[in-house]
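Observations on chain architecture
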Amino acid sequence: MIVLKFGGTSIADADQIRAVGDILEKCLTRKPVVILSALSGVTDTLIRLAQEALEKGSKSIDPIRRRHQKVIQALGIEEDIVGDLLQDYRELLKGISLVKELTPRSLDYAMSFGERFSVRIIAAHLCQRGIPAEPIVSYDIGLHTDAQFGKALPLPDLDGPIAKAIRGLKKVPVITGFIGKAGPGGDVTTLGRGGSDYSAAIIGSAIGAEEIQIWTDVDGIMTADPEIVPDARPIDILSFDEASELAYFGARVIHPSTMIPAIKKSIAIRVLNTYRPEAPGTLVVRERPPGAQVVRSIAHKRNITLINIVSTRMLQQHGFMARVFEVFARREIVIDLISTSEVSVSISTDSKGGLDDLVEEISEFGRVTLEREKTIICVVGQGMRDAVGVAARIFESLGEAGVPVRLITQGATRINISLVVENRDVEPAVRALHRAFFD
Ligand code: ASP
Ligand code: MG
């Protein structure tokens, strides 16, 4: 069996959906299991309408209805195929506007419609062209999570039930990505924005898939963001470790959690382009191929904040870090990079909310300053473990480009050197690094 996950832009309109049908037609002998996002833009619209129901009492679902009706008509499938779901969504908006409350729980429920619409439409299109297919909502085949709305985590021991449910199917399953349920009979949850990749990996790992394919709108994971570096190129093959670092630090093509289930069962992930299905894409596997380039890619994540904390007590004090970290943990502020000296620590985070309260609390035992509008740039490659002079080259190229570096760290796995620069310096910095390592 092979898992194919199609993102929103891969099923944006009727032509794209037909292209997806072409791709699936060619792999029927490999027993495809299809995972889908919502049609592009739909999740954002579902959120916006829910917020408008809350703030303005509006109950119109027109943008959502029109978006789907257009595709349904262009494909020539049954007009009313999502009619009952649209009705449910209308009821939800009515409820939100009446009680004037939009909780994380009802927001997850609102977002879940996108994937529930898309699986019905794509399955109907496949049936229409002679591929027997069945729309499936992930929680109906056992994708259960904890109850952290908006960032739910899959429960342990899902593999058996999911595999059993999928093996029992006669038709091609077309399964909702992104959503789950907090236990059987529980509330609907979501795995976090962009979470369909994660769903694909969870299901792929459950059924022991031969491969997990992530179909998107670019040629694979790139050597840098092509919007900044026009001659950035797709990377042919990456290790799980390298891909995890890149996904976490901003190479938006693939959701950072995707690698977790894949690593567990050592299942290869392939990132492919629906617009150019013939392109080889990026293969992500356990072992880095021998002889691969030292640096594989340069990722970046904008708009992070640096929190600098200086101990107000004397030197040689123990327990200072523990106190700092305890506050971050309790306030659920995610730490990305850390750099320390004897009396001070700089911490980067991309959490946006709650920073002022955090500062106030830490100020009780340390002097705190915040620096906003920074960017993390990561130079990633497993070969850096054994290579000499990578850091020198990084500094040399940034020096030549006139980019000041605010912080630098190397993780314990030694496959990632991360730097923090000003947002405004991202372009020259990424270009200079790409030139240094890829030209
Ligand atoms: N539709 C969801 C989102 O827009 C999940 C996904 O696309 O992966 O975040
Ligand atoms: Mg995505």
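Shown above is the structure to which this text applies.
First things first, this report covers the structure right here in the doc. The model shown is predicted, which means the values in this text are computed figures rather than measured ones.

**What to know about the packing of aromatic side chains**
- Counting across every chain of the model gives 6 aromatic pairs.
- Relative to W215, the ring of F6 lies with its centre 5.9 Å away and its plane at 20 degrees, an arrangement referred to as stacked. Highlighted residues: F6 in strand β1 (residues 2–6) and W215 in strand β7 (residues 211–216), separated in sequence by 209 residues.
- On the basis of relative accessible area, F6 is assigned to the buried category, the value being 0%.
- A relative accessible area of 5% places W215 in the buried class.
- Aromatic rings pair up to connect Y89, Y109, F113 and F117 into one cluster.

**Focus on the pattern of salt bridges**
- What the rule picks out here adds up to 28 salt bridges.
- Residues E52 and R48 are paired through a salt bridge, measuring 3.4 Å at the closest nitrogen-oxygen approach. Here E52 pairs with R48, and both are found in helix α2 (residues 42–56), just 4 residues apart, close to one helical turn.
- What makes R48 partly exposed here is its relative accessible area of 38%.
- Here R372 and D356 are joined by a salt bridge, their closest N and O atoms 3.3 Å apart.

**Brief notes about the packing of helix α10 (residues 320–330) against helix α11 (residues 355–362)**
- Interhelical geometry of α10 versus α11 gives an angle of 150 degrees and a closest axis separation of 11 Å. By the angle between their directions, the pair α10 and α11 is classed as roughly antiparallel. When the axes of α10 and α11 are compared, the crossing they make is right-handed. For the pair α10 and α11, contact is made by V324, V327, F328 and R330 and by L358, E361 and I362, respectively.
- Looking at the contact of α10 with α11 residue by residue, the class counts come to 5 nonpolar, no polar and 2 charged.

**As for the site of ligand 1**
- Lining the immediate surroundings of ligand 1 are S37, A38, T43, E115, F178, R193, G194, G195 and S196.
- Contact distances for ligand 1 include 3.1 Å between an oxygen atom and a side-chain N or O atom of S37.
- In isolation ligand 1 exposes 260 Å². Once the protein is present, 86% of that is buried.

**Here's the deal with the side chain of S196**
- By the secondary structure assignment, S196 is in helix α7 (residues 196–206).
- Excluding residues within four positions of it along the chain, S196 makes contact with K5, I35, L36, S37, E115, G177 and F178.

**Overview of unusual backbone geometry**
- Unlike most non-glycine residues, K31 shows phi in positive territory, near 55 degrees.
- Its place among the elements puts K31 in the loop between α1 (14–25) and β2 (32–36).
- By relative accessible area, which is 55% here, K31 ends up exposed.
- Of note in this structure, F178 is not a glycine but carries a positive phi near 75 degrees.

**Description of the environment of C27**
- Residue placement: C27 occurs in the loop between α1 and β2.
- Linking C27 and I179, residues 152 residues apart in sequence, is a C-alpha distance of 26 Å.
- Excluding anything up to four places from it in sequence, C27 contacts L4 and P32.

About the cut-offs
- Residues numbered from 1 in each chain as written.
- Chains lettered and ligands numbered in written order.
- Predicted model: local features only at pLDDT ≥ 70, side-chain atom pairs only at ≥ 80, totals over all residues.
- Heavy atoms only, no water.
- Phe/Tyr/Trp six-rings, centres within 6.5 Å; stacked < 30°, edge-to-face > 60°.
- Helix = DSSP H or I, 4+ residues; strand = E, 2+ residues; numbered from the N terminus.
- Buried < 20%, exposed > 50% of the residue type's maximum accessible area, 1.4 Å probe, protein only.
- Salt bridge = Lys/Arg side-chain N within 4 Å of Asp/Glu carboxyl O.
- Axes fitted to C-alpha atoms, helices over the stretch in contact; angles between N-to-C directions.
- Parallel < 35°, antiparallel > 145°, perpendicular 65-115°, else oblique.
- Left-handed = near helix turned anticlockwise from the far one by under 90°.
- Contact = heavy atoms within 4.5 Å.
- Nonpolar A, V, L, I, M, F, W, Y, C, P; charged D, E, K, R; others polar.
- Near = heavy atom within 4 Å.
- Polar contact = N/O pair within 3.5 Å; in protein donor to acceptor, adjacent residues only side chain to side chain.
- Areas by Shrake-Rupley, 256 points an atom, 1.4 Å probe, with all protein chains shown as cover.

In short, shape yes, function no, at least from these values alone.
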